[in-house]
Amino acid sequence: MDITRSSPAPVRVAAVPPEPADLTTLPEAAGFTGLTPPEPAVRTEPSALPEPACAEPLKTPSPGGVRQRYRNRPRDLLALLRPGQWVKNLAVVPLALLDIHPWGPAALLRTGWAILGFVLASAIVYVVNDVADRERDRLHPVKRHRPLASGRVSPAAATALTGLLALTLTGWAVAGPAWLWWPTALYLALSLAYSQGLKHVPLVDAFIVAAGFVLRLLQGALLIGARPSEWLALCVFSLCLMLALGKRRHEMTAAGRAHRPALRGYTLAFLDHLVVLVAVLTAVSYVLYLRDDASLAAGASFVTLLSAPCAVFGLARYLQLLLVEEGGGNPVHALFRDRATLVNAGLWALLVSFALLLPHPSG
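Residues numbered from 1 in each chain as written. Predicted model: local features only at pLDDT ≥ 70, side-chain atom pairs only at ≥ 80, totals over all residues. Heavy atoms only, no water.

(A) Seen up close, the overall build of the protein. Within the protein one finds 17 helices and zero strands. Taken across its 363 residues, the protein has 39% of its residues classed as buried. Pairs at least 24 apart in sequence give 75% of the contacts found in the protein among residues at least 6 apart. Carbon and sulfur atoms make up 69% of the accessible area of the protein, which totals about 19,600 Å². (Helix = DSSP H or I, 4+ residues; strand = E, 2+ residues; numbered from the N terminus. Buried < 20%, exposed > 50% of the residue type's maximum accessible area, 1.4 Å probe, protein only. Contact = heavy atoms within 4.5 Å. Areas by Shrake-Rupley, 256 points an atom, 1.4 Å probe, with all protein chains shown as cover.)

(B) Up close: helix H10 (residues 155-175). Relative to the 30 Å expected for 21 residues at 1.5 Å per residue, H10 spans 30 Å between its end C-alpha atoms, a close match to the ideal helical length. Among all positions of H10, only Ala157, Ala158, Leu161, Thr162, Leu165, Leu169, Trp172 and Ala173 are buried. The buried residues of H10 occupy an angular sector of 150° when the element is viewed end-on, so they sit on one face. Facing away from the buried side of H10 by over 90 degrees, the exposed positions are Ala156, Thr159, Ala160, Leu164, Leu167, Val174 and Ala175. Among the structural elements, helix H6 (74-80), helix H8 (105-137), helix H9 (147-150), helix H11 (182-196) and helix H12 (204-224) are those in contact with the buried residues of H10. (Expected span 1.5 Å × (residues − 1). Arc of directions from axis to C-beta.)

(C) Fine view of the environment of Ala308. Along the chain, the position of Ala308 falls in helix H15 (residues 300-324). With a relative accessible area of 13%, Ala308 lands in the buried category.

(D) Region of the structure containing unusual backbone geometry. Residues other than glycine seldom take positive phi values, yet Arg82 does so here, at roughly 55°. Among the secondary structure elements, Arg82 is positioned in the loop between H6 and helix H7 (87-92). Taking the relative accessible area as the measure of exposure, Arg82 reaches 16% and is therefore buried. Positive phi is not limited to glycine here, since Leu203 has a value of about 70°. Topologically, Leu203 is positioned in the loop between H11 and H12.

(E) Focus on the packing of aromatic side chains. Counted under the stated rule, the structure contains five aromatic pairs. Summarising the aromatic geometry, the rings of Trp179 and Trp181 are spaced 5.6 Å apart at their centres and angled 25° between planes, so their arrangement reads as stacked. For Trp181, a relative accessible area of 27% corresponds to the partly exposed category. (Phe/Tyr/Trp six-rings, centres within 6.5 Å; stacked < 30°, edge-to-face > 60°.)

(F) Layout of the packing of H8 against H11. Two elements in contact, H8 and H11, have axes whose closest approach is 10 Å; the angle formed by their N-to-C orientations is 10°. Between H8 and H11, the interaxial angle falls into the category roughly parallel. From H8, Gly117, Phe118, Ala121, Ser122, Ile124, Val125, Val128, Asn129 and Ala132 reach across to H11, where they touch Pro183, Thr184, Tyr187, Leu188, Ser191, Leu192, Tyr194, Ser195 and Gln196. Tallied by class, residues from the contact of H8 with H11 come to 11 nonpolar, seven polar and no charged. (Axes fitted to C-alpha atoms, helices over the stretch in contact; angles between N-to-C directions. Parallel < 35°, antiparallel > 145°, perpendicular 65-115°, else oblique. Nonpolar A, V, L, I, M, F, W, Y, C, P; charged D, E, K, R; others polar.)

(G) Seen up close, the environment of Val276. Along the polypeptide, Val276 turns up in helix H14 (residues 268-292). For Val276 and Ala316, which are 40 residues apart along the polypeptide, the C-alpha to C-alpha distance reads 9.5 Å.

(H) Representation of empty space enclosed by the protein within the structure. Within this structure, the stated rule accounts for one cavity of 30 Å³ or more. What the largest cavity holds in volume is close to 40 Å³. Taken together, Trp113, Trp172, Ala173, Gly176, Pro177, Leu180, Trp181 and Leu223 make up the lining of the largest cavity. Tallied by class, the residues present in the lining of the largest cavity amount to seven nonpolar, one polar and no charged. (1 Å grid on protein atoms, 1.4 Å probe; cavity = no way out; pocket = protein on both sides within 12 Å on 5 of 7 lines; lining within 4 Å. Points joined across faces, edges and corners; volume = space filled by probe spheres on them.)

(I) Region of interest: the pattern of salt bridges. Here the structure, examined in full by the defined rule, presents 14 salt bridges. Salt-bridge contacts for Asp133 lead to Arg136; the nearest nitrogen and oxygen are separated by 3.3 Å. Pair noted here: Asp133 and Arg136 are both in helix H8, with a separation of three residues, about one helical turn. Classification of Asp133 as buried rests on a relative accessible area of 12%. Salt-bridge contacts for Glu230 lead to Arg227; the nearest nitrogen and oxygen are separated by 3.5 Å. (Salt bridge = Lys/Arg side-chain N within 4 Å of Asp/Glu carboxyl O.)

(J) Local environment of the side chain of Thr341. Along the chain, Thr341 falls in helix H17 (residues 339-357). Within the local environment of Thr341, its side chain forms a polar contact with the side chain of Asp338, the two groups lying 2.7 Å apart. Residues contacting Thr341, with those up to four places away along its chain left out, are Arg317, Ala334 and Leu335. (Polar contact = N/O pair within 3.5 Å; in protein donor to acceptor, adjacent residues only side chain to side chain.)

In structure tokens form, the structure reads like this:
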């Protein structure tokens, strides 16, 4: 009973500065009665709190998993240019050679020059796009591993790389034939407008991507002096539009709509209808190109008969990969790593090459 009466005494001592003798007895009384004196608790905790608060962010990464120390290694800078996507230029630009007969060293050299220009232009677009989308790409399960989104390359290094690529592309335009580089310039302007805002507009985003491949075809045709076929241009446009729509469909199923605002204007059913519609347009325009514009000489009817089923099978296989196997996120990987697609493409290439090598009636 005497002990309980003396327990309020330490509280009064904590409120009023006690004598030095009382400070030595205060912890004993507090520990004996089970009461913690308020002043020591207030004095010790504020001095301890700032240290963990300052040290914690240095030990753990930021919420996006981005490292604050940029390494900027050469292989990461090269990955920023996406060399795996350069196959698009290798596949589309040389299509202009289908409109001339026979091929010559000058035409092949100019085709290579056109490919180089579009490799440089597309690399600029990839870097600018990744700089603008690095925060949004961190929400994507695959794109978050890109050099900028993952923090391996700094925005400053990416900007410097863009300037170097722009200077190289300018040298390419000056060294080449005068005023025959306008498709590349138009592609670059459209792509930069795409990166700055048009990519957020549904349908417009996919149509701009497909138009870029038609500009590739036109650049190759201009440099080799060929007349571009309207049916071939429509076939390339519809095929690439199908791939762009298929990529957006895969993104919706894999990562939702958060990382790409334009996906809010699509639904899976809408994209399914569009992909099938564009696939039909691709097949029809291809057959009309073979019948009306292709320089196939005496083997035109033979190639039309045998290569058209190859084209339809290729379209059907892509739709199977997209709609049945839920693939299509990377059209290059989907088309060039699928065994059935590779075998079918090889057979189609053999048929077309055979028809092109047949002697022309006027030659």
